[in-house]
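Residues per chain, in single letters:
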Amino acid sequence: MDVHGTVAEGFEPVRDAFARNFSALGERGAAVAVYRDGQRVVDLWAGTRDVDGTAPWERGTAQVVRSATKGVAAAVLLLLHQRGQLDLDAPVGHYWPEFKARGKERVLVRHVLNHRAGLPVLDRPLTPEEALDPLRGPEAVAAQTPAWEPGTDHGYHALTYGWLLDELVRRVTGQGAGAWLAAQITGPLGLDLWLGLPDAEAGRVGRAGRVEGPEPAGGLRSRPKRSVTEAYQDPASLTRRAFAAITPFPDQNDPAYRAAALPATNAIATADALARFYATLIGDTAGGARLFTPETVALARAEESAGPDRVLVVGTRFGLGYMLHGSASPFLTPGSFGHPGRGGALGFADPDTGIAFGYVTNGFRKTVTADPRAQGLVRAVRGALGL
């Protein structure tokens, strides 16, 4: 497998780990980028653009990043807070009066970000057509009764997170999260990262699909412990229902799905854009000045939720909108914050080392949080830094 791109001196182990993903872990097409103190030190790509094709992956090839979208979308709410337009401790109903129904008066904006809103499921799942309508998802969440007392516990809001966040952004700014992101962040920074893919960029996006490979060593494994397996198999469990809030799940290669803006699941990005997005959250880059103040970085990575997750069953840790370093989703150091995408993608920042990381792939695995390909790359970065 020919690996294309460059690595700075000292980061050669990342190239080795990236090549191993193809030789030993079933990778079809992927890219990885790493920034250190705002400067790119890793920029690699290899394989085919489409998971089932032969055309080569190119430097500008982009992919859907699934739930790594959540970390991108979280920046919208945190920046609105940073600018004084949104109060994290205000009730969601203050901005969205219809949301107050069915015992949700005490759901706070921060509960949307830290997965404590109690709304991971819908009693009536949306169809794919309904899910792509920007009004139907928020309407369904507003009509939903919480599964637990909001604020008292946490559980991963796999799909409903996106509708909650999107409607809050719309009520505060008049724009959906995708449009605001493009106007305020990705457009000015020149990032190849979209929440709602423009028609003009569609030809750059590879076709994604399921791939098989060896079982990962950590995270939510393809043969997890019995309690996790049972939760995914039980149609009545919060786990099964959370991931089935859209039934059946849309084809992620469908142009209509890619053109929609679902802030929980369907951002499309190059690895470089995902890494530079996180680099710009924590510091200046060649492409622009930092987005988050030190106070906002502290909000992103301060632990808000930890312990057994009512949806994912295993222990998880969340700050405001971001997963935090832990056994279910290891990042670089305990101070890292970011978000994995189910089946592969990963983006995060580590303010303590100045590292920002982005990995995208066209081959989805069964993993939920800790894909072995991404984790091998993270370990290589850690080794390159001598950590």
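Relevant structure appears above.
Residues numbered from 1 in each chain as written. Predicted model: local features only at pLDDT ≥ 70, side-chain atom pairs only at ≥ 80, totals over all residues. Heavy atoms only, no water.

**Some thoughts on the overall build of the protein chain**
Scanning the protein chain from N- to C-terminus turns up 14 helices and 14 strands. The C-alpha atoms of the protein chain give a radius of gyration of 19 Å, which matches the 21 Å a tight globule of 387 residues would have. Principal-axis analysis of the C-alpha atoms gives the protein chain an extent of 55 × 45 × 40 Å. Relative to its 387 residues, the protein chain shows a buried fraction of 59%. Summarising the internal contacts of the protein chain: among those between residues at least 6 apart in sequence, 68% fall at separations of at least 24. (Helix = DSSP H or I, 4+ residues; strand = E, 2+ residues; numbered from the N terminus. Rg over C-alpha atoms; globule rule 2.2 N^0.38 Å. Buried < 20%, exposed > 50% of the residue type's maximum accessible area, 1.4 Å probe, protein only. Contact = heavy atoms within 4.5 Å.)

**Things to note about the environment of Gly 84**
Here Gly 84 lies in the loop between helix 2 (69–82) and helix 3 (92–95). Judged by relative accessible area, which is 65%, Gly 84 ranks as exposed.

**Some remarks on the side chain of Asp 50**
Within the fold, Asp 50 resides in the loop between strand 3 (39–47) and strand 4 (63–64). A distance of 2.7 Å separates a polar atom in the side chain of Asp 50 from the backbone nitrogen of Arg 207. The residues contacting Asp 50, other than those within four sequence positions of it, are Gly 206, Arg 207 and Asn 362. (Polar contact = N/O pair within 3.5 Å; in protein donor to acceptor, adjacent residues only side chain to side chain.)

**A few points about the pattern of salt bridges**
Using the criterion set out here, one finds 23 salt bridges in the structure. The shortest N-O distance in the salt bridge between Asp 166 and Arg 170 comes to 3.3 Å. Note that Asp 166 and Arg 170 are positioned in helix 7 (residues 160–173) at a spacing of four residues, about one turn of the helix. Three or more residues joined by partner-sharing salt bridges are found here, namely Glu 98, Asp 166, Glu 167, Arg 170 and Arg 171. (Salt bridge = Lys/Arg side-chain N within 4 Å of Asp/Glu carboxyl O.)

**What about the side chain of Asn 362?**
Locating Asn 362 in the fold gives a position in the loop between strand 13 (355–361) and strand 14 (363–364). Sequence-distant contacts of Asn 362, that is, excluding residues within four places in its chain, are made with Arg 28, Gly 29, Thr 48, Arg 49, Asp 50, Val 51, Trp 57, Gln 63, Arg 207, Ala 208 and Gly 209.

So yeah, pure geometry; function would need other evidence.
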